[in-house]
Amino acid sequence: MPIRLSDVADRTGVSTATVSRVVNGRPGVAEATRALVLGAVETLGYKPPASRATQGEMVGVVAQDSGSGADSSLVDSVLTAFHRRGWLPVLFSRTHGAPKAEPASRKLLSHGAAGLVLIGGDHTDVTAEHDFYRSLRDEDVPHVLVGGAAFPSRSACVSQDEAWGMGKAVRHLTELGHARIGMMSGALRYVTSRRRRDGFLAALRETGVPAAEACARIEHVHYSQSAGFRAAETLMERGCTALICDGDSLALGALRAARSRSLTVPDDLSLVVVGDSTTARHMVPSLTVVSPLQEKMAEAVADALMLAVSGTPLTSLELFFAPDLITRESTGKAPSF
């Protein structure tokens, strides 16, 4: 196993940030401390990834598939943004149950990646361990987190404005006459789910829905058609005539639930999906979506990482992009009873 900055820090009793400054020849370290660190570097055999500093052409993209259906489009846009800048993005795609992001990230760095982009990983999960992400800052590894951070982060982040998106969806459905709007979203352990919940509740509050009733219109589930089916059944039992679905799989489940009751979309039930995809565009009926500005987000990710690689500090910066609402066939006027 290769020696890491944290190993040198443990040996010397100083922080990984101090070790990083010494290894990279930066000022601000006492001479005695510098000598101590350099001695430990030699004794332990620590070898910094020199190619990371000299090549500047390869970047690592570590992407976690949440199952929502929209992630792959954003990943493709990020890869394209780096290609357009003449950089070589190397993708490591994780599915649920795959090894954590750290081994892949360390491997990419050891092979010369100038920096990392981390999309939809454990950094968005409030129940996960976040030591690895903190170590990236401590070790001065250029990186960008996509989707926000579930911990006090000093990293650069690029995110969709989830509250804005929920507000646009609720206002669209309200204008169509829907008084009982429900939402199906992912588990609350994820930052994006929490932000969508908060945006949804705020939007319902603006329409005069009491807090307790608004909370009863939310179902937090895993991303699957079966979970979407059950959640839609529950929300329709509560009288909802419109549903906001977090991703294609939940929307497909909601369509099945409607058809099982001999209901049609959008005549009897309206659907809005968070995230645009090929499935959403070509499904029958085609789905109204809260569409992320993927290309603009991807450009911001690439620009932020390139700035970080060049040495420009981007500490604790989070850029938010307001999504669009694209209306298609799955939303219509509220049914009259």
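Note that this is a predicted model, so its numbers are computed, not measured.

A.B. asks: Help me understand the sheet that holds strand β11 (residues 318-321), please; the structure alone is not making it clear to me.
C.D. replies: The strand order across the open sheet formed by six strands is β2-β1-β3-β4-β5-β11, and the pairing between neighbours is parallel. Strands with a single pairing partner mark the edges of an open sheet, and in this sheet they are β2 (88-94) and β11. Taken pair by pair, the neighbouring strands of this sheet meet at an average axis angle of 15°, ignoring direction.

A.B. asks: Help me understand the sheet that holds strand β9 (residues 270-274), please; the structure alone is not making it clear to me.
C.D. replies: What holds strands together in a sheet is hydrogen bonding between their backbones, with the strands either parallel or antiparallel. Strand order in the open sheet formed by six strands is β7-β6-β8-β9-β10-β12, and the pairing between neighbours is mixed. Only two strands of the sheet have a single neighbouring strand rather than two, namely β7 (218-220) and β12 (324-326). Averaged over all adjacent pairs, the angle separating strand axes in this sheet is 20°, with direction ignored. Of the pairings in the sheet, the one linking β9 to strand β10 (residues 288-291) comprises three bridges and is parallel in character. Along β10, the bridge assignment pairs Val272 with Thr288. The sheet strands contacting helix α9 (residues 191-206) are β6 (181-185), β7, β8 (242-245) and β9, and the helix crosses β6 at an angle near 175°. Of the strands in this sheet, β6, β8 and β9 are in contact with helix α12 (residues 248-260), which crosses β9 at around 165°.

A.B. asks: I would appreciate a short explanation of the environment of Ala63 in the present structure.
C.D. replies: With respect to the helices, strands and loops of the structure, Ala63 is situated in strand β1 (residues 58-64). Each C-alpha atom, one on Ala63 and one on Tyr133, is 14 Å from the other, the two residues being 70 residues apart in sequence. Excluding residues within four positions of it along the chain, Ala63 makes contact with Val75, Leu91, Phe92, Ser93, Arg94 and Ile119.

A.B. asks: How do you make sense of the pairing of strand β3 (residues 116-119) when you look at a structure like this?
C.D. replies: Along a regular strand, successive side chains alternate from one face of the sheet to the other. Residues of β3 alternate between two faces, with Leu116 and Leu118 on one and Val117 and Ile119 on the opposite face, all of them buried. Pairing between β3 and strand β4 (residues 143-146): four bridges, direction parallel. Bridge assignment links Val117 to a residue of β4, and that residue is Val144. Chirality of the crossover, the property in question, places the unit of β3, helix α7 (residues 131-138) and β4 among those that are right-handed.

Quick notes on the rules
- Residues numbered from 1 in each chain as written.
- Predicted model: local features only at pLDDT ≥ 70, side-chain atom pairs only at ≥ 80, totals over all residues.
- Heavy atoms only, no water.
- Pairing = 2+ DSSP bridges.
- Helix = DSSP H or I, 4+ residues; strand = E, 2+ residues; numbered from the N terminus.
- Axes fitted to C-alpha atoms, helices over the stretch in contact; angles between N-to-C directions.
- Contact = heavy atoms within 4.5 Å.
- Buried < 20%, exposed > 50% of the residue type's maximum accessible area, 1.4 Å probe, protein only.
- Right-handed = clockwise from strand over helix to strand, strands pointing away.

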